[in-house]
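Analysis of the macromolecular model
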Amino acid sequence: MDCFTSVGISSESRRSFQMARYAAGTVDCPGSPKSVRIVVVGDKGTGKSSLIVAAASDSFPPNVPPVLPDTNLPLEFFPDGVPVTIVDTSSRPEDREMVAEELRNADAVVLTYDCGRPETLEGLSTYWLPELRRLEVKVPIIVAGCKLDLRDDNSQVSLEQVMSPIMHQFREIETCIECSALKQLQAQEVFYYAQKTVLHPTGPLFDQESQSLKPRCVRALKRIFILCDHDRDGALSEAELNDFQVKCFHAPLQPSEIDGVKRVVQEKLPEGVNERGLTVTGFLFLHALFIEKGRLETTWTVLRKFGYNNDIRLADELLPPSLFKRAPDQSVELTDVAIDFLKGMYVLFDDDGDNNLRPQEIEDLFSTAPESPWTEAPYVDAAEKTALGGLSFDAFLSLWSLMTLLEPARSVEHLIYIGFPGDPSSAIRLTRRRRLDRKKKQCERKVFQCFVFGPNNAGKSALLNCFLGRSYADNPGSTTDERYAVNMVDESGSAKKTLVMREIPEGGAQGLFSSKESLAACDIAVFVYDSSDESSWKRATELLVEVATHGEATGYEVPCLMVSAKDDLDSFPISIQESTRVTQDMGIEPPVPISSKLGDFNNLFRKILTAAQHPHLSIPETEAGKSRKHYNRLINRSLMAVSIGAAAVVVGLAAYRVYAARKSTSA
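Report on the accompanying structure. This is a predicted model, so every value here is computed, not measured.

Examining the environment of Val-99
Considering the arrangement of structural elements, one finds Val-99 in helix H4 (residues 96–104). Residue Val-99 is classed as buried on the basis of its relative accessible area of 7%. In this structure, the C-alpha to C-alpha distance between Val-99 and Val-87, residues 12 residues apart in sequence, is 9.9 Å. Setting aside residues no more than four positions away along its own chain, Val-99 makes contact with Val-41, Thr-89 and Ser-90.

Pasting the structure below:
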């Protein structure tokens, strides 16, 4: 019995809502599995091979080899049209590693026991199920009681009584079924249920204990409802319901069928229907009803038609890796199209129009995404908060720019979740390579990333705190982890730019230098030291030399700036002379003195931005780098001199030949 029968909806409605899924299919939907691999395991003699042959051929084989080759079921075997491969396995102890490898590649597992041999049932909980856990096989498990024809007919114990304790202990078991290959009893059904658990799994959609839709499923269905609510009036009208039905199931609804659907919802949940049509509450109720009645394929067909995979995230096909392919020294930024869209969404969710998107309003914005992307590192606390704990538009856009810089695929994914209407490729742009920026002595970026180096207690965290308008003394948490801060910086006479500050813990610098491309994403490096501590200064200069050396060796040279922090304290002796000498020797600007405690930053952030926008300047040179450049210049001059000399010889020889020819002619 399907869900519409159980709630009194006509057979015509059932055909439109349910059976049309066969015409729609699932194999060509983004996110749907393109094939299903079912691995059959169990004790020796439990009927694994006979079960496979009986299911594939509708006959009982008199002689079956110990292990069958992989068996491909016909495409028309199940209505979804997804290819199914059944893998038989050996029961010999010496083949267990081979079986383990097959299990690791399985989409579903059929675990067999012999209905006539109780010890094989006991083996499920004493060996097989613990072994699957040990191997970390996290796929649906179907328990199949084979050889049902051999069970004692006088047995009064039901399958439910036998399996309930095992299923309670091992909740990864999806279902249990008894079958007989000899009698052709439910052999095909075993693999139908196995395939169904892969194509239409219960776990991502429904919480069996609370008997309710899971949060991620609710959020996905809410997004689908909003996309189908074309007039944005909070309800699906008859026309909108019809459009939804045709998109998902390739079949329209009759007016009487729509009335039947609304009547059922209204009887069970009055707020599920209003004068304009089916509300989001009613839409969610219908899907919960489908799932409770075992019609998971209905909800899964809807989800897949809107691009969701089994994790209820957008399918990879909708976000191809080629969209985000880039060189190490290129970065990804939002386009004006995406920024305009985000402006509109900010205004829409800023209910009181106070340029303060409160935490609840941010949650509402992302209520159609699997989860809010900004509740964990590196985004949590990475932007400036308003006095009310919310985000101004600049802070909101800064956070989105940070996500686009660090995780462009995730950024585009969440743009789609909140309703971005355009092609994903129109939301982002690749910047020009930084090496080319240096050659052209300018850049066109709007987002700049600054690496902040320095020893412990130099004032790096205080600098980032103040960049976000917070107290310098705010505790940022662990100082052993990287931290990001992002904000807009005003430029005199031009538009605002986004500056990303990435704090590199002192202990993390060596790990950073272990990668050749570690500086490729850096637009400028800042070195912070405690001006009152000579050892802090020395360590900062060491880090400066390490960065300069790494840049010279890899070709990813970056502008550098030194920052003399804690300027409110007395400087160590000869601080100014020493710092000026070192920076002059390396060809960069003198250190910028600041005091986070006093709030005196000496226009530091604007200076950082200006240096980043002139990537050919403020690049430090080590002594080795200078020697290498000098040597290359000498070589180039020598080659030029040789070339000029060779050219002179060639010209002289040609002139002599002309002279000799003329002399010979005149003679």
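Quick word on the sheet that holds strand E10 (residues 273–274)
Across a sheet, paired strands are connected by hydrogen bonds in the backbone, their directions being either parallel or antiparallel. With antiparallel pairing, three strands are arranged side by side in an open sheet as E9-E11-E10. Pairing within the sheet leaves two strands with one partner each, and these edge strands are strand E9 (235–236) and E10. Bridge analysis of E9 against strand E11 (residues 277–279) gives two bridges, and the strand direction is antiparallel. Of the residues in E11, the one forming a bridge with Ala-235 is Thr-279. Together, E9 and E11 form the strand contacts of helix H11 (residues 280–292), whose direction differs from that of E11 by roughly 75 degrees.

Structural notes on the packing of H11 against helix H12 (residues 296–305)
The N-to-C vectors of H11 and H12 enclose an angle of 135 degrees; their axes lie 7 Å apart at closest approach. Considering their axes alone, H11 and H12 lie oblique with respect to each other. Residues His-287, Phe-290 and Ile-291 of H11 form the contact with H12, whose own contacting residues are Leu-296, Thr-298, Thr-299 and Val-302. Tallied by class, the residues present in the contact of H11 with H12 amount to four nonpolar, three polar and no charged.

A word on the packing of aromatic side chains
Applying the stated criterion across every chain, the model contains 19 aromatic pairs. Taken together, a centroid distance of 5.5 Å and an interplanar angle of 65 degrees make the contact between Tyr-192 and Tyr-193 edge-to-face. With relative accessibility at 27%, the residue Tyr-192 sits in the partly exposed group. Between Trp-374 and Phe-396, the ring centres sit 5.8 Å apart and the planes meet at 70 degrees, which makes this aromatic pair edge-to-face. Taken together, the positions of Trp-374 in the loop between helix H14 (359–365) and helix H15 (393–406) and Phe-396 in helix H15 put the pair 22 residues apart, joining distant regions of the chain. Each of the two residues, Trp-374 as well as Phe-396, counts as buried. Through a chain of ring-to-ring contacts, the aromatic side chains of Tyr-346, Phe-366, Trp-374, Phe-393, Phe-396 and Trp-400 assemble into a single cluster. Directly above the ring of Tyr-556 sits Arg-435, whose terminal nitrogen or CZ lies 4.4 Å from the centroid.

The rules we used
- Residues numbered from 1 in each chain as written.
- Predicted model: local features only at pLDDT ≥ 70, side-chain atom pairs only at ≥ 80, totals over all residues.
- Heavy atoms only, no water.
- Helix = DSSP H or I, 4+ residues; strand = E, 2+ residues; numbered from the N terminus.
- Buried < 20%, exposed > 50% of the residue type's maximum accessible area, 1.4 Å probe, protein only.
- Contact = heavy atoms within 4.5 Å.
- Pairing = 2+ DSSP bridges.
- Axes fitted to C-alpha atoms, helices over the stretch in contact; angles between N-to-C directions.
- Parallel < 35°, antiparallel > 145°, perpendicular 65-115°, else oblique.
- Nonpolar A, V, L, I, M, F, W, Y, C, P; charged D, E, K, R; others polar.
- Phe/Tyr/Trp six-rings, centres within 6.5 Å; stacked < 30°, edge-to-face > 60°.
- Lys NZ or Arg CZ within 6 Å of the ring centre and 35° of its normal.

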